[in-house]
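Structural overview for review
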Amino acid sequence: MSRKPLLAGNWKMFKTSAQAREFFADLIKLTQFKADREVAFGVPFPTLEASVQAAHGTPVIIAAQDVYWENEGAFTGEVSAPMIAATGAGAVIIGHSERRQMFGDTGEWVNKKVKATLAAKLMPIVCVGESLAEREANKTFDVLDTQLTEGLAGFTPADMTTVVIAYEPVWAIGTGKTATPEMAEEVHAHIRKWLAGRFDQAVADNTRILYGGSVKPDNVAKLMSQADIDGALVGGASLEAASFAKIIDFDA
Ligand code: PEP
């Protein structure tokens, strides 16, 4: 079993190219990028190329925050996986709850986006998570099973080699409310069991499952100490180099 921790930022709709350059210049001064963990950043489309250039010479993987599943065509406003790959980016965040809730991303779309991302040899970071109402109605596992079944439909164990899953309870995103490490671990263990049932034990053992939802410098180490938490997807605290440096440098 080898699951290298992955700490991923998600800038959402923040930062211009100039601000991205400034951010990476600051981050490089603040961290040594420890070799036992990976770092990624989901940046806005217009910032991809500048971010790739600014992070050059570091191990940081630049990611897009969405993708369209066709390679090219009359799809005004959309961006394809080969276009993202051509910027030098290495990953795509797919099915973030903000996309599912505000922009209508469905399980079927998530599936097509993951397929296109894999075809372009990019690493998909597939987000799943329940709303507060679903958690309170005891539907968390059912919701996650459905999102995973739909999002990963048709894939084989070989397809899963580079797929990363991010568990992001919707009620914990941008709210300052974090799932306790024990609550998060319970869900991560469930997702790993689901992977074993849907694929096989090797996929379950090797797939990285990130936690996302108000991860901060002061709670990351405790979350990361849980057996099935393999990293974090970080929104708010990834916007400042100082706070993100503390997150990626957490004491293992
Ligand atoms: C996110 O954007 O995926 C996220 C988890 O945001 P925050 O860390 O701000 O809750």
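This text goes with the structure placed above it.
What this report covers is the structure whose coordinates are included nearby. (Residues numbered from 1 in each chain as written. Predicted model: local features only at pLDDT ≥ 70, side-chain atom pairs only at ≥ 80, totals over all residues. Heavy atoms only, no water.)

**Let's talk about the sheet that holds strand S3 (residues 61-64)**
Whether parallel or antiparallel, the strands of a sheet pair through hydrogen bonds between backbone atoms. The 8 strands are arranged S1-S2-S3-S4-S5-S6-S7-S8 in a closed barrel whose pairing can be described as parallel. Strand-to-strand twist of the sheet, defined as the mean angle between neighbouring strand axes without regard to direction, takes the value 25°. With 4 bridges connecting them, strand S5 (residues 123-128) and strand S6 (residues 164-167) associate as parallel partners. Counterpart to valine 126 in the pairing with S6 is isoleucine 165. Packed onto the sheet, helix H5 (residues 107-119) meets strand S4 (91-94) and S5 and runs at close to 160° relative to S5. (Pairing = 2+ DSSP bridges. Helix = DSSP H or I, 4+ residues; strand = E, 2+ residues; numbered from the N terminus. Axes fitted to C-alpha atoms, helices over the stretch in contact; angles between N-to-C directions. Contact = heavy atoms within 4.5 Å.)

**What to know about the packing of helix H7 (residues 140-151) against helix H8 (residues 181-198)**
It is the contact of H7 with H8, at a shortest axis distance of 11 Å, that shows an interaxial angle of 40°. On the basis of their axis angle, the class for H7 and H8 is oblique. Read as a crossing pair, H7 and H8 show a hand that is right-handed. Contacts from Thr140, Phe141, Leu144, Asp145, Leu148 and Thr149 in H7 reach Glu186, Val187, His190, Ile191 and Trp194 in H8. (Parallel < 35°, antiparallel > 145°, perpendicular 65-115°, else oblique. Left-handed = near helix turned anticlockwise from the far one by under 90°.)

**Structural notes on unusual backbone geometry**
A positive phi angle, near 50°, is found at phenylalanine 33, a position not held by glycine. Inspection of the secondary structure assignment puts phenylalanine 33 in the loop between helix H1 (17-30) and strand S2 (38-42). The class for phenylalanine 33 is buried, based on a relative accessible area of 14%. In this structure, asparagine 138 is a non-glycine residue whose phi angle is positive, near 60°. Within the element layout of this structure, asparagine 138 appears in the loop between helix H6 (132-136) and H7. The class of asparagine 138 is exposed, set by a relative accessible area of 72%. (Buried < 20%, exposed > 50% of the residue type's maximum accessible area, 1.4 Å probe, protein only.)

**Comments concerning the site of the ligand**
Neighbouring residues of the ligand: 14 residues in total, closest Lys12, Glu168, Gly174, Ser214 and Gly235. Serine 214 is positioned with one of its backbone polar atoms (N or O) 2.8 Å from an oxygen atom of the ligand. One of the backbone N or O atoms of glycine 235 is found 2.8 Å from an oxygen atom in the ligand. Taken by itself the ligand offers 290 Å² of open surface, and the protein chains cover 97% of this. Of the residues belonging to the shell around the ligand, the class tally is 4 nonpolar, 8 polar and 2 charged. (Near = heavy atom within 4 Å. Polar contact = N/O pair within 3.5 Å; in protein donor to acceptor, adjacent residues only side chain to side chain. Areas by Shrake-Rupley, 256 points an atom, 1.4 Å probe, with all protein chains shown as cover. Nonpolar A, V, L, I, M, F, W, Y, C, P; charged D, E, K, R; others polar.)

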